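Residues per chain are reported as follows:
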Amino acid sequence: MKKWRTVLLAGLMGTCFAAGAYAEDVLQQVQAYLRPDFNVQVDGSPVKLSTPPLVYNDKSYLALTDISNYLGANVYWKEQNKTIYINSRNQAQRPNDQELVYEEIKLANPSAYMVEYLGGQFPLLTCYIHDNSKLTNYYRLTDVKRMGIDTDGLKKVRDKYTQWLFVSEDELSKKWKSRPSIYYSRESVNIVTTEKNAKKLESIRTYVKDWTSFGARLSNCSPTMCPRDANNFEAQNVYYNRTWIIMDVAGEDEYNYLINENGHLYILHLKLTKAPIDDGTYLISSSKEDIQAIR
């Protein structure tokens, strides 16, 4: 005898999304059959589904999240308008992140590395957050996606200061092929970024190396008060410890540099302009944003 179960028509697609509260007249009970003996192949290769195929009215139904992943599409559920979005991964259409609600974290002690993942090298911003007496490692979502890791269905959180989205290492371990390994650079001033232009990077590296405090240069200080160290210096009888964390490309010749100075987070906005003498170097102007003070 065939095994059957009563299911809701709204659940036939097996979307695993929170359906919310529906009026009784919207739902319809039907009889359908779960068929764990059915096999599914995509492009000739067997695949595993999170739930068995379901047969209703002689038609087979597969979990939408499963089949979309195997066919290279992203699936999003938006509760406000009860809409399922199915997008190919080379398209940007999706619910606006600002319209979605995420648990909030406060970025603390962030670190950035160049990491190796499946043969490629990528910049990665991480941070450790104490959550319910547990130390949780979070990875910035944009960096994770750049590595090609599928994050659909994973729980994400939003940082209060930068508004960046993060996903925990525990969540990512469900999807990644292997844990990314840190790639150590031998550069004297290591800049973690996606920028590849060697001339621009060299100009920024020189600028960073010569910095003492925001708006001041080493040449303005005595060697005793301002040693040539971009991370530790003293100015006006105040000791500073600065960590240059990660630099993001914000636009054409524009960059945002996340900095930790004495335990406080800033974004340093850099603007590059070609030098008057066309030797491939750049002049740099900057402005500092205190992201913890304004939010």
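Everything numeric here is computed off the predicted structure, so don't read it as measured data. (Residues numbered from 1 in each chain as written. Predicted model: local features only at pLDDT ≥ 70, side-chain atom pairs only at ≥ 80, totals over all residues. Heavy atoms only, no water.)

1. Some words on the overall build of the protein chain
Defined as follows: Note on conventions: DSSP H or I runs of at least 4 residues are helices, E runs of at least 2 residues are strands, and numbering of each starts at the N terminus. For each residue, the accessible area found with a 1.4 Å probe, counting protein chains only, is set against the maximum for its type, and the residue is called buried under 20%, exposed over 50%, and partly exposed in between. Any two residues whose heavy atoms approach within 4.5 Å at even a single point are treated as in contact. The accessible surface values rely on the Shrake-Rupley method and a 1.4 Å probe; as for residues, cover is taken only from the protein chains in view.
From N to C terminus, the protein chain includes four helices and 20 strands. Going through the 295 residues of the protein chain one by one, you find that 39% of them count as buried. Relative to all contacts within the protein chain whose residues are 6 or more apart in sequence, the contacts with residues 24 or more apart total 45%. Accessible area of the protein chain: about 17800 Å², with a carbon and sulfur share of 49%.

2. Re unusual backbone geometry
The backbone phi angle of Leu118 is positive, close to 50°, even though this residue is not glycine. Its location among the elements puts Leu118 in the loop between β10 (111-117) and β11 (120-131). The exposure class assigned to Leu118 is exposed, which follows from its relative accessible area of 59%. Unusually for a residue other than glycine, Gln163 sits at a positive phi of about 70°.

3. Brief notes about the sheet that holds strand β9 (residues 103-105)
Filter applied, for reference: At least two DSSP bridges between two strands are needed for those strands to be called paired. With axes taken as lines fitted to C-alpha atoms, and helix axes fitted only over the stretch in contact, angles between N-to-C directions fall between 0 and 180 degrees.
Pairing is mixed across the open sheet formed by seven strands, whose spatial order is β9-β13-β14-β12-β11-β10-β15. Every other strand in the sheet has two partners, leaving β9 and β15 (181-183) as the edge strands with one partner each. Across this sheet, the average inter-strand angle for adjacent strands is 50°, counted without regard to direction. For β10 and β15, the ladder comprises three bridges, and the chain directions are antiparallel. Within the sheet, the bridge partner assigned to Met114 lies in β15 and is Tyr183.

4. Considering the packing of aromatic side chains
Just so we agree on the cut-off: Stacked, tilted and edge-to-face pairs are distinguished by plane angle, under 30 degrees for stacked and over 60 for edge-to-face with tilted covering the rest, among Phe, Tyr and Trp rings (Trp via its six-membered ring) whose centres lie within 6.5 Å. Only Lys NZ and Arg CZ are tested; either one counts as a charge over a ring when it is within 6 Å of the ring centre and within 35 degrees of the ring normal.
Evaluation of the coordinates by the stated rule reveals three aromatic pairs. With a centroid separation of 6.4 Å and 50° between ring planes, the pair formed by Tyr56 and Tyr61 is classed as tilted. Residue Tyr61 is classed as partly exposed on the basis of its relative accessible area of 26%. On the numbers, 6.0 Å between centres and 75° between planes, the contact of Tyr139 with Trp176 is edge-to-face. Taken together, the residues Tyr139 in strand β12 (residues 134-140) and Trp176 in the loop between α3 (169-172) and β15 connect sequence positions 37 residues apart. On the accessibility criterion, Tyr139 (5% relative accessible area) is buried. The exposure class of Trp176 is buried, given its relative accessible area of 13%. Here the basic side chain of Arg140 rests over the ring of Trp164, its NZ or CZ set 4.6 Å away from the ring centre.

5. Some thoughts on the confidence of the model for the protein chain
Put simply, the rule is: The predictor attaches a confidence to each residue, called pLDDT, with possible values from 0 through 100.
Taken over all residues, the pLDDT of the protein chain has a mean of 77, while the share at 70 or more is 74%. Model confidence for the protein chain, summarised as mean pLDDT per element, is weakest for strand β1 (residues 5-8) at 35 and strongest for strand β14 (residues 165-168) at 95. In the model, residues 1-21 has pLDDT below 50 throughout and makes 48 contacts with residues more than four positions away in sequence or in other chains. Taken together, the stretch residues 213-228 has pLDDT below 50 and engages in 27 contacts with residues farther than four places along the chain or on a different chain.

6. Here's the deal with the pattern of salt bridges
Any two side chains of opposite charge can pair, so long as their charged atoms come close to each other. The following threshold applies: In the sections that follow, a salt bridge refers to a side-chain nitrogen of Lys or Arg positioned within 4 Å of a carboxyl oxygen of Asp or Glu.
Taken as a whole and judged by the stated rule, the model has 13 salt bridges. Across the salt bridge formed by Asp37 and Arg35, the nearest N and O atoms sit 2.5 Å from each other. For Arg35, a relative accessible area of 24% gives the class partly exposed. For Asp143, the salt bridge identified is with Arg140, shortest N-O distance 2.9 Å.

7. Structural notes on the nonpolar core
Put simply, the test is: What is meant by a nonpolar core is a set of buried Ala, Val, Leu, Ile, Met, Phe, Trp, Tyr and Cys residues, joined one to another through side-chain atoms within 4.5 Å.
One finds Leu107, Leu125, Phe166, Ile245, Ile246 and Leu258 to be the most contacted residues of the largest nonpolar core, which totals 18 residues. Counting residues per element, this core draws most heavily on β11, which supplies three residues. Contact partners of Leu107, with chain neighbours within four places excluded, come to Cys127, Asp159, Tyr161, Thr162, Phe166, Leu258 and Leu265.

8. A few points about the environment of Asn190
Examined against the element boundaries, Asn190 turns out to sit in the loop between β15 and α4 (198-209). Considering only alpha carbons, one finds Asn190 and Ile246, 56 residues apart in sequence, at a separation of 9.6 Å.

9. So, the pairing of β14
Here β14 shows a buried face lined by Leu165 and Val167 and a second buried face lined by Phe166 and Ser168. For β12 and β14, the ladder comprises three bridges, and the chain directions are antiparallel. When the sheet's bridge partners are listed, Tyr139 is paired in β14 with Val167. Sheet analysis places strand β13 (residues 156-159) next to β14, joined by three bridges and oriented antiparallel. If you follow Arg158 over to β14, its bridge partner there is Leu165. Between β13 and β14, which pair antiparallel and follow one another directly, the connecting turn spans five residues, one of which, Gln163, has a positive phi of 70°.

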